[in-house]
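# Close look at the chain arrangement
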Amino acid sequence: MELIHNNYKAEWVDLDEGLNGMYDPNDPEDIALLRFDTYELIDGEWEEIPDGSYCTNMPAHADRGALKAGLAMIVNELDDCSGNPKKVLEKLSWMSPDWVE
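These notes cover the structure that comes with them. In this text the structure is predicted, and so the values were computed from the model without any measurement.

### Digging into the nonpolar core
Formed by 21 residues in total, the largest nonpolar core has its most connected members in W12, F36, M58, I74, L89 and L92. Among the elements of the structure, β2 (8-18), β4 (33-42), β5 (45-59), α1 (64-80) and α2 (86-92) are those that each provide at least two residues to this core. Those residues within four positions of I74 in sequence are excluded, and the remaining contacts are A10, F36, T38, L89, L92 and M95.

Spelled out as structure tokens, the structure:
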């Protein structure tokens, strides 16, 4: 899933990450987590934002509404950010469904 707002795009990526590194489906305590990747539109091309990919606390099984709201939060923060967005994106890496409900 991806969301574009002005010159920014964010998308959820499932790289089989979990609470302690790689997701372990045999560990009942582990949770499959999503990562977000971010892009900026520059000269008509989507370019990855440096240091713009973070694993989050957003479960891979989160409902679609929470996932859309999370992406909206990311692109809106990018649009409001002036300068280097690294700190903003680091903060958003803690995102969980509770943030958007």
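### Here we look at the pairing of β2
Of all eleven residues in β2, eight are buried, a share of seventy percent or more. Both strand β1 (residues 2-5) and β2 contribute to a ladder of four bridges, which runs antiparallel. Considered in β2, the bridge of E2 is made with E11. Joining the antiparallel neighbours β1 and β2 is a turn of two residues, in which N6 adopts a positive phi near 55°. Where β2 and β4 come together, seven bridges link them in antiparallel fashion. Within β4, the residue paired with V13 across the bridge is R35.

### Here we look at α1
Over its 17 residues, α1 runs 24 Å from end to end, which matches the ideal 24 Å to within 8%, given 1.5 Å per residue. Of all the positions in α1, only A66, L67, G70, L71, I74, V75 and L78 are classed as buried. Buried residues in α1, looked at end-on, bunch into an arc of 165°, giving them a common side. Packing partners of the buried residues in α1 comprise β1, β2, β4, β5, α2 and α3 (97-100). You can read the cap of α1 off the contacts: a side-chain oxygen lies 2.9 Å from the backbone nitrogen of G65, and it is on D63.

### Here's the deal with the packing of aromatic side chains
Here a ring pair, both rings aromatic, is described through the centre-centre distance and the interplanar angle of the planes. Following the criterion strictly, the structure yields one aromatic pair and no others. Between F36 and Y54 the ring centres are 5.9 Å apart and the planes differ by 50°, which places this aromatic pair in the tilted class. Pair noted here: F36 is in strand β4 and Y54 is in strand β5, with a separation of 18 residues, a long-range link. Accessibility assignment for this pair places F36 and Y54 in one class, buried. Its end group placed over the ring of Y39, K9 keeps NZ or CZ at 5.0 Å from the ring centre.

Definitions and cut-offs
- Residues numbered from 1 in each chain as written.
- Predicted model: local features only at pLDDT ≥ 70, side-chain atom pairs only at ≥ 80, totals over all residues.
- Heavy atoms only, no water.
- Core = buried A, V, L, I, M, F, W, Y, C linked by side-chain atoms within 4.5 Å.
- Buried < 20%, exposed > 50% of the residue type's maximum accessible area, 1.4 Å probe, protein only.
- Helix = DSSP H or I, 4+ residues; strand = E, 2+ residues; numbered from the N terminus.
- Contact = heavy atoms within 4.5 Å.
- Pairing = 2+ DSSP bridges.
- Expected span 1.5 Å × (residues − 1).
- Arc of directions from axis to C-beta.
- Polar contact = N/O pair within 3.5 Å; in protein donor to acceptor, adjacent residues only side chain to side chain.
- Phe/Tyr/Trp six-rings, centres within 6.5 Å; stacked < 30°, edge-to-face > 60°.
- Lys NZ or Arg CZ within 6 Å of the ring centre and 35° of its normal.

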